[in-house]
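# Descriptive structure summary
Here are the chains, one letter per residue:
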Amino acid sequence: MGKYFVQNFGCRATQADGAALESQLAAKGLEVADDRAVADLVVLNTCTVTQAADDDVRQTIRRVHRENPTARILVTGCYAQRAPQELAAMPGVEWVVGNSHKTQIANLVTLGTPYHGNIHVGDIFAQHDFLSAPVEDAAGDRTRPNLKIQDGCNNRCSFCIIPFVRGRSRSLPADQVVAQVRGLAARYREAVLSGINLGRWGREPGSTLRLAGLIRRLLGETEIERLRLSSVEPMDFSDDLLGLITESPRIAKHVHAPLQSGSDTVLRRMHRKYRPRHYADRVMKARAWMPDAAIGADVMVGFPGETDAEFEDSRQFIDSLPFTYLHVFTYSERPGTPAAESAAQVPMKVRKERNRILRDLAAAKNLAFRESMVGRTLSAVTLHETGTALTGNYLKVELATPREPNLLVDLEIGAVGYGAATVIERVSELTPAHSTLSKCSPFGVSPATTALI
């Protein structure tokens, strides 16, 4: 087979799958290619959470086939699980392998010569295992490896296709998590724990250890200097978990809890398992216990049937809470979900305007949070991106003095700055640019800056 190239689309879970695939292909004797244009095998590890994600995959398939017509293209991941025939019909695609068979890819491509359009997709709900390997260079973020410790989801939100392409919730065994983090601790200062529904780690029948208990094991049995949790559903942010984050100096003061909507009626139609009052209780407790913490949320606009009044309820609810950043998404119909069958689809023009309104609100909240940190000293890990660092409370910092990556440092914040950096480390004499507050794009709002979590 020669050289391979793996390209990942979408979330950190997909990136973790891709890292594991690379390890398995290398173990079979294949050599990684520096560019897909010179690869003999191109693996496209896909996302299908939105129509735009699907479009991106199809465009990439066409581009790969045009640029490297002799390459054998294997499409895997969530899109492959959802619509294998659609992908198999595209020129250049030799294999389509769903998440149900992803663990078999290394053997598949090195044994025999399959025919064009070979499809390997089965019942995802019968899947008990999942790929997992630390992602150590995703999006160029090489100093904060991401470890997927949970996959799948048992929720049935009416807008979401993920349970049908990822399967039931399942957890990486605790001993394996400890071993992985112990290995990462020897090379990195910070590690990020992630999953499709991370708060459900350890919830399988017969298991007694929960996420907070696992984290206590990691703190007690590894030397990792900082752990960060990615997204956790609000009902899984128990007092025990929030208390642990509050009390331990080795856990980043960062709470990310998906909201989706601040309207009670919209949440009910979404089949979400909490009401606005429940969500507010968790967020306000997090703020009371951790006054300087980053608090973020995923929010959706334009869900089917969302009226002007419901959107305003959501906007006011979001405005009332101490968020420091938001990930704002425009609803996208996913075939096979109940919401996609609704006759009350919101016009795209309205969806986009509501998205703009919430992004503006998020930008104002983020700016206020950054301004409140000026003059403070914050712990941060220096990033591979030259001259930058990320604080425990999720602020990207422009360094006054360059430092090597992968260090934990204490930084005195001097000003809110321009461009992608959110705040600037204090120097003895600030230049005019450094001393000027700027309403730059808030970190964590634009898609280009959300991958760090």
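Residues numbered from 1 in each chain as written. Predicted model: local features only at pLDDT ≥ 70, side-chain atom pairs only at ≥ 80, totals over all residues. Heavy atoms only, no water.

### Looking at the packing of aromatic side chains
Each aromatic ring pair is described using two quantities: the centre-to-centre distance and the angle formed by the ring planes. This structure, assessed with the given rule, holds seven aromatic pairs. Geometrically, the ring pair formed by Y274 and Y279 is tilted, given 6.0 Å between the ring centres and 40° between the ring planes. For Y274, a relative accessible area of 2% gives the class buried. Note on Y279: relative accessible area 1%, which makes it buried. Through pairs of rings, three or more aromatic residues link up here, namely Y274, Y279, F317 and F323. The lysine or arginine in question, R156, covers the ring of F164, its NZ or CZ lying 5.2 Å from the ring centre. (Phe/Tyr/Trp six-rings, centres within 6.5 Å; stacked < 30°, edge-to-face > 60°. Buried < 20%, exposed > 50% of the residue type's maximum accessible area, 1.4 Å probe, protein only. Lys NZ or Arg CZ within 6 Å of the ring centre and 35° of its normal.)

### Here's the deal with the sheet that holds strand β11 (residues 254-256)
With respect to topology, three strands assemble into an open sheet ordered β11-β12-β13, the strand pairing being parallel. Of all strands in the sheet, those bounded by a partner on one side alone are β11 and β13 (325-330). This sheet shows a mean twist of 15° between the axes of neighbouring strands, independent of strand direction. As defined by bridge partners, β11 adjoins strand β12 (residues 294-301) across three bridges and the pair is classed as parallel. Bridging across to β12, H254 finds its partner in A294. Contacting β12 and β13, helix α13 (residues 348-372) crosses the sheet at an angle of about 175° to β13. (Pairing = 2+ DSSP bridges. Helix = DSSP H or I, 4+ residues; strand = E, 2+ residues; numbered from the N terminus. Axes fitted to C-alpha atoms, helices over the stretch in contact; angles between N-to-C directions. Contact = heavy atoms within 4.5 Å.)

### Remarks on the nonpolar core
Of all hydrophobic cores here, the largest spans 69 residues; its most connected members are I149, I215, Y279 and F323. Filtering out sequence-adjacent residues up to four positions away, Y279 remains in contact with P234, A257, P258, L259, Y274, G296, A297, F317, L321 and F323. (Core = buried A, V, L, I, M, F, W, Y, C linked by side-chain atoms within 4.5 Å.)

### Quick notes on unusual backbone geometry
You will see that H271, though not glycine, has its phi angle at about 65°, which is positive. Tracing the sequence through the fold places H271 in the loop between α10 (264-270) and α11 (276-289). Look at Y394: it is not a glycine, yet its phi comes out positive at around 65°. Mapped onto the elements, Y394 comes out in the loop between β15 (388-391) and β16 (396-398).

### Digging into the pattern of salt bridges
Enumeration according to the criterion identifies 35 salt bridges in this entry. A salt bridge links E312 to R315; its shortest N-O distance comes to 2.8 Å. Here E312 and its partner R315 are both found in helix α12 (residues 308-320), three residues apart, which amounts to about one turn of the helix. The class of E312 is partly exposed, set by a relative accessible area of 28%. Taking relative accessible area as the criterion, R315 reaches 24% and is therefore assigned partly exposed. K396 is paired through a salt bridge with E385; the nearest N and O atoms lie 2.8 Å apart. Of the two residues, K396 is situated in strand β16 and E385 in the loop between β14 (377-382) and β15; the sequence distance between them amounts to 11 residues. A relative accessible area of 10% places K396 in the buried class. When salt bridges with common partners are traced through the structure, they connect D17, K102, K148, D151, R166 and R170 into a single cluster. (Salt bridge = Lys/Arg side-chain N within 4 Å of Asp/Glu carboxyl O.)

### Some thoughts on the pairing of β15
Of the two faces of β15, the one lined by T388 and L390 and the one lined by A389 and T391 are each fully buried. Two elements, β14 and β15, share three bridges in a ladder whose sense is antiparallel. By the bridge assignment, T382 is partnered in β15 with A389. Strand direction decides the pairing type here: β15 and β16, joined by three bridges, are antiparallel. Along β16, the bridge assignment pairs T388 with E398. Between β15 and β16, which follow one another and run antiparallel, lie four residues, and Y394 among them has a positive phi close to 65°.

### Observations regarding the packing of helix α7 (residues 174-185) against helix α8 (residues 211-221)
Closest axis-to-axis distance for the α7/α8 pair is 10 Å, and the angle between their directions is 40°. By the angle between their directions, the pair α7 and α8 is classed as oblique. Of the two possible hands of crossing, α7 and α8 adopt the one that is right-handed. Residues A174, D175, V177, V178, V181 and R182 of α7 lie in contact with α8, whose contacting residues are L214, R217, L218 and E221. (Parallel < 35°, antiparallel > 145°, perpendicular 65-115°, else oblique. Left-handed = near helix turned anticlockwise from the far one by under 90°.)

### Overview of the packing of α12 against α13
At a minimum axis separation of 11 Å, α12 and α13 run at an interaxial angle of 10°. Viewed along their axes, α12 and α13 adopt a mutual orientation that is roughly parallel. Contact with α12, carried on its side by D308, F311, R315, I318 and D319, involves R354, I357, L358, L361 and K365 of α13 and no other residues of that element. Considering only residue class, the contact of α12 with α13 consists of five nonpolar, no polar and five charged. (Nonpolar A, V, L, I, M, F, W, Y, C, P; charged D, E, K, R; others polar.)

### Comments concerning the confidence of the model for the chain
A residue-level look at the chain finds 89% of positions with pLDDT of 70 or above and a mean pLDDT of 88. pLDDT under 50 marks residues 428-453. Its contacts with residues more than four places away, or in other chains, come to 67 contacts. (pLDDT = per-residue confidence, 0-100.)

### Re helix α2 (residues 51-67)
Spacing of three or four residues puts side chains on the same side of an α-helix, whose turn is 3.6 residues. Relative to the 24 Å expected for 17 residues at 1.5 Å per residue, α2 spans 24 Å between its end C-alpha atoms, a close match to the ideal helical length. Of the residues making up α2, those classed as buried are A53, D54, V57, R58, T60, I61 and V64. All buried residues of α2 project into a common sector of 155° when viewed along the axis, lining one side. Facing away from the buried side of α2 by more than 90 degrees, the exposed set consists of A52 and R66. Contacts from the buried residues of α2 go to β1 (3-8), β3 (41-46), β4 (72-77), α3 (78-82), α4 (84-88) and β5 (93-98). (Expected span 1.5 Å × (residues − 1). Arc of directions from axis to C-beta.)

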